[in-house]
Amino acid sequence: MPGMTITEKIIARNSGRRRVMPGELVWVNVHTVMTMDYLGAQTFAKLHELGVKDVFDRDRVICVSDHLVPPPNEKFATLLNEWRRVVREHRITHFYDLGNQGIAHQIMVEKGHVLPGTISIGTDSHANTYGAVGALGNAVGVTDAAVAMATGKCWLRVPESVKFVVRGQWHPYVMAKDLSLYVMGMMHWNGHLIYKAIEYTGEAISQLGMAGRMTLCNMTVDLGAKNGIIAPDSITRKYLRGRTSHKYAPLQSDPNARYEQVYEIDLSKVGPTVARPHRLDDVVPVEEVEGIPFNKAFVGTCTNGRVEDLEIMARILKGKRIHPDVNMLIVPASQAVYLEAMKKGYLTTLVEAGAAIDTPSCAACAGIHTGVAGDGDIVLSAGNRNMQGRMGSKKAEIYLTSPAVVAASALYGKITDPRKLSS
Amino acid sequence: MKITGKCWVAPGYVMAYDIITQPFWTSPIDPKENARWVMAGVAEEFNRENGFTSQGYTFIVAGHNFAGGGKSIEHVITGLMGAGIRAVFADSFSRLQFRNAINYGLPFITCKDIVKGCQTGDQLEWDTETGLIRNLTNGNAFQSVPVAPFVAEVAEAGGLMNFIKKRIAEGTIGDLR
């Protein structure tokens with residue numbers, strides 16, 4: 001009998017089965033359900049529509065304010081008031097509101113609300129991030145979230161698994177983001193990854209810290225996959241120490257597990273990578289877009305707003321000054337990230353270099369909060385999407401890349417290969 | 001059952017972002033309301049009130065990753081339903097909207113290469129039992145992937161909300177596995 005992949009094992013364990021097959025539809029028990037300010041009130045309204053007064057477990061419904069805080073206008077302020085009212089009405093234990101906030105996916109991992117071998121869902125597409133700790137993380141709509149909040153259950157289709165084996169060493173200025181974009185450029189949205197489980201493995205993944213793992217799993221939704229996952233190891237255990245008091249039992253893929261496809265990637269072929277406007281799969285090596293001028297630089301989001309991202313930027317910008325024509329906005333992914341980056345001096349370095357730091361939130365990423373793009377803007381962003389209008393104006397262009405490329409490029413006001421900087 | 005009607009064929013990649021554009025993401029989820037501006041970002045001709053809905057299409061035919069881009073908003077599905085769409089046939093669907101479609105009972109039917117054999121305005125006939133889709137305008141026929149029993153069960157209940165409500169009332173939630 002063939003073995004099972006880590007994703008299949010997680011679904012089997014949490015649906016009370018010994019094994020599952022790709023294509024099967026099963027009901028699973030979820031460990032946690034996340035909802036946030038933007039869709040949370042709708043989710044709770046759906047819960048009431050089910051005729052249910054209380055959530056299945058007040059400790060396991062996680063509520064986060066991230067898209068709308070602090071409110072830049074009356075509409076958002078009013079939405080937030082309604083959101084806070086329903087969260088309090090349900091006496092939710094873990095409510096991360098302004099002052100204790102962060103981008104929901106960062107909060108879910110950072111505060112230990114996702115655990116190896118379990119399933120967590122959320123009403124925001126980048127819930128795939130949870131795969132970084134060896135959990136199955138899935139984005140759902142408000143109906144699915146309401147059903148899970150009422151019952152602790154969610155239906156899932158067991159995905160086919162696709163494995164990427166990544167070998168080689170990381171160049172200091174090549175990041176997990178570059179690998180994500182490289183995979184996007186390699187695969188496109190032609191059906192090979194749609195609805196699949198993407199498993200990242202190999203020596204290069206074993207060397208990768210939790211921040212890079214979160215970036216890789218986060219972007220799998222943008223590749224069209226159901227989930228992204230990295231098997232838990234000593235880095236995972238160390239990361240989770242002190243973040244959770246729950247016991248957990250990690251799972252690994254069997255050596256004879258079945259994959260629809262296995263791809264090998266040699267990291268020596270992956271350099272700094274850029275997705276051109278307006279398609280995420282229009283991916284090129286940085287060399288092909290070097291010299292293109294831009295006027296806005298943005299680093300933050302659930303993809304690249306972590307301490308390690310700020311660290312590499314601080315290293316590049318230390319003692320230097322960004323180009324006068326560039327507006328640079330940096331948004332740490334959570335209050336904890338903000339504080340740590342402050343204590344380590346990275347924020348001082350970045351501000352001295354001429355960057356502006358904003359309060360942790362989703363910021364300009366979805367085009368609805370701080371730092372949106374206007375007509376004619378050319379944005380160099382370390383976010384996750386670059387479709388037309390994503391960050392605001394349809395007359396803006398977004399180049400998507402890593403924090404290292406954004407930092408190096410900000411010095412010159414044009415796209416620059418960070419490997420060419422004199423140290 | 002056989003359903004017959006006119007199809008709209010996607011000229012390229014259709015994103016959820018363009019089916020429901022950003023100003024309507026926080027609108028109430030309501031088929032009538034969401035149908036007024038559905039597809040507004042997909043083509044200039046639809047970018048007016050009831051621009052798509054007034055065309056009277058019954059089916060959408062598309063290529064890969066229909067409704068992709070990663071938006072979870074359910075207005076995408078209710079908008080299409082409100083516009084009179086009875087099924088979408090495509091090479092593949094974005095996962096989030098595939099779920100939403102099942103949860104609302106709008107058939108998202110996987111059908112390889114159908115996009116190559118249809119033009120906007122063609123009359124299609126879909127046999128919901130056999131999965132056979134016939135293009136009555138040009139005589140082409142396509143075999144789609146059959147719908148899983150669970151999907152049919154949810155559609156029959158009138159969507160996941162009703163399906164779950166009934167089970168809560170019966171006390172049979174624990175039986176779901």
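About the cut-offs
- Residues numbered from 1 in each chain as written.
- Chains lettered and ligands numbered in written order.
- Predicted model: local features only at pLDDT ≥ 70, side-chain atom pairs only at ≥ 80, totals over all residues.
- Pairing = 2+ DSSP bridges.
- Helix = DSSP H or I, 4+ residues; strand = E, 2+ residues; numbered from the N terminus.
- Contact = placed C-beta atoms within 7 Å.
- Nonpolar A, V, L, I, M, F, W, Y, C, P; charged D, E, K, R; others polar.
- Buried ≥ 20, exposed ≤ 12 C-beta atoms within 10 Å, placed from the backbone.
- Domains from an automatic or database assignment.
- Core = buried A, V, L, I, M, F, W, Y, C linked by C-beta atoms within 7 Å.
- Right-handed = clockwise from strand over helix to strand, strands pointing away.
- Axes fitted to C-alpha atoms, helices over the stretch in contact; angles between N-to-C directions.
- pLDDT = per-residue confidence, 0-100.

J.: Before we go on, may I ask you to explain the pairing of strand 6 (residues 132-135) of chain B in this structure?
T.: Looking down a regular strand, the side chains alternate between one sheet face and the other. Residue and element names in this part refer to chain B. Where strand 5 (residues 123-127) lies against strand 6, 3 bridges are found, and the strand directions are antiparallel. Each bridged residue has a counterpart across the sheet, and for Leu-124 the counterpart in strand 6 is Asn-135. The turn linking strand 5 back onto strand 6 is made up of 4 residues, and Gly-131 within it adopts a positive phi angle of 80 degrees. The sheet contact formed by strand 6 and strand 7 (residues 141-143) spans 3 bridges and is antiparallel. Bridge pairing links Arg-134 to Ala-141 in strand 7. Connecting strand 6 to the antiparallel partner strand 7 that follows it, the hairpin turn spans 5 residues, and Gly-139 within it adopts a positive phi of roughly 85 degrees.

J.: What's the story with the interface of chain B and chain A in this structure? I'm lost.
T.: Interface size is often expressed as the accessible area that is lost when the parts come together. Contacts between the two partners involve 30 residues from chain B, matched on the other side by 33 residues from chain A. Those elements that place two or more of their residues in the side of chain B that touches chain A are helix 4 (95-104) and helix 6 (160-170) of chain B. Split into classes, the residues belonging to the side of chain B that touches chain A amount to 12 nonpolar, 11 polar and 7 charged.

J.: What exactly am I supposed to notice about helix 11 (residues 307-317) of chain A here?
T.: Each turn of an α-helix holds 3.6 residues, which means side chains three or four residues apart point in the same direction. Residues and elements named next belong to chain A. The buried fraction of helix 11 is high, at 8 of 11 residues. When we look at burial in helix 11, the residues that qualify are Val-307, Asp-309, Leu-310, Ile-312, Met-313, Ala-314, Ile-316 and Leu-317. Of the residues flanking the end of helix 11, it is Gly-319, one or two places downstream, whose phi is positive at about 70 degrees.

J.: I tried to follow the domain arrangement of chain B on my own but got confused; where do I start?
T.: All names here are of chain B. Domain annotation for chain B reports domain 1 (2-146) and domain 2 (147-177). Here domain 1 and domain 2 have C-alpha centroids that lie 24 Å from each other. At the interface, 6 residues of domain 1 touch 7 residues of domain 2.

J.: Can you help me understand the nonpolar core in this one?
T.: Generally speaking, nonpolar side chains in soluble globular proteins are found buried as a group. One finds Leu-350 of chain A together with Val-61, Val-88 and Phe-89 of chain B to be the most contacted residues of the largest nonpolar core, which totals 206 residues. When residues no more than four places from it in sequence are discounted, the contact partners of Phe-89 of chain B are Phe-59, Val-61, Ile-109, Cys-111, Ile-114, Ile-133 and Ser-144 of chain B.

J.: Sorry if this is basic, but what is going on with the pairing of strand 3 (residues 87-90) of chain B here?
T.: Burial along strand 3 of chain B is two-sided: the residues Ala-87 and Phe-89 of chain B and Val-88 and Ala-90 of chain B are all buried. Remark: the strand 2 (residues 59-62) of chain B/helix 3 (residues 75-82) of chain B/strand 3 of chain B crossover connection has right-handed handedness.

J.: I keep staring at the sheet that holds strand 6 (residues 136-139) of chain A and nothing clicks. Help me out?
T.: Sheet strands associate in pairs through backbone hydrogen bonding, adopting either a parallel or an antiparallel arrangement. Residue and element names in this part refer to chain A. The 5 strands are arranged 4-3-2-5-6 in an open sheet whose pairing can be described as parallel. The open sheet has two edge strands, strand 4 (94-96) and strand 6, and neither has a second partner. Within this sheet the neighbouring strands show an average axis-to-axis angle of 20 degrees, counted without direction. With 4 bridges joining them, strand 2 (residues 32-36) and strand 3 (residues 61-64) adopt parallel strand pairing. Looking at the pairing, Met-34 lines up with Ile-62 of strand 3.

J.: Would you mind going over the domain arrangement of chain A with me for this structure?
T.: Residue and element names in this part refer to chain A. Its domain assignment divides chain A into domain 1 (6-264) and domain 2 (274-420). Placing the centre of domain 1 and that of domain 2 at their C-alpha centroids yields a distance of 24 Å. Between domain 1 and domain 2, the contact holds 34 residues from the first and 35 residues from the second. At the level of secondary structure, the elements contributing two or more residues to the side of domain 1 that touches domain 2 comprise helix 4 (104-110), helix 6 (176-187) and helix 8 (210-218). In terms of residue count, helix 6 provides more of the side of domain 1 that touches domain 2 than any other element does, 6 residues in total.

J.: Hey, could you run me through the sheet that holds strand 9 (residues 197-201) of chain A in this one?
T.: Residue and element names in this part refer to chain A. Taken in spatial order, the 4 strands of this open sheet run 10-9-8-11, and their pairing is parallel. Edge strands, defined here as strands with exactly one partner in the open sheet, are strand 10 (227-229) and strand 11 (261-266). Across the sheet, the mean angle from the axis of one strand to that of its neighbour is 20 degrees, orientation sign disregarded. Inspection of the sheet shows strand 8 (residues 161-167) paired to strand 11 by 6 bridges, in the parallel sense. Residue pairing for strand 11: Val-166 is matched across the bridge by Ile-265.

J.: How should the confidence of the model for chain B be read in this particular structure?
T.: Reading fine detail from the predicted coordinates is not recommended where pLDDT is low. The share of residues in chain B with pLDDT of 70 or more is 100%, and the mean pLDDT across the chain is 94. On the interface metric, ipTM, the complex scores 0.88, and its pTM is 0.94.

J.: How should unusual backbone geometry be read in this particular structure?
T.: A negative phi holds for most residues other than glycine; trans holds for most peptide bonds. A cis amide bond, omega -25 degrees, links Val-69 of chain A with the succeeding residue Pro-70 of chain A. One can find Pro-70 of chain A in the loop between strand 3 and helix 3 (74-89). In this chain, Pro-277 of chain A is followed by His-278 of chain A through a cis amide linkage whose omega measures -5 degrees. Relative to the helices and strands, His-278 of chain A is located in the loop between strand 12 (273-275) and strand 13 (283-285). In this structure, His-188 of chain A takes a positive phi of about 55 degrees despite not being glycine. Under the C-beta neighbour-count criterion, His-188 of chain A is labelled partly exposed, with 18 such atoms within 10 Å. The phi dihedral of Asp-113 of chain B is positive, around 65 degrees, even though this residue is not glycine. Inspection of the secondary structure puts Asp-113 of chain B in the loop between strand 4 (108-110) and strand 5. In this structure Asp-113 of chain B comes out as exposed when scored by C-beta crowding, with 10 C-beta atoms within 10 Å.

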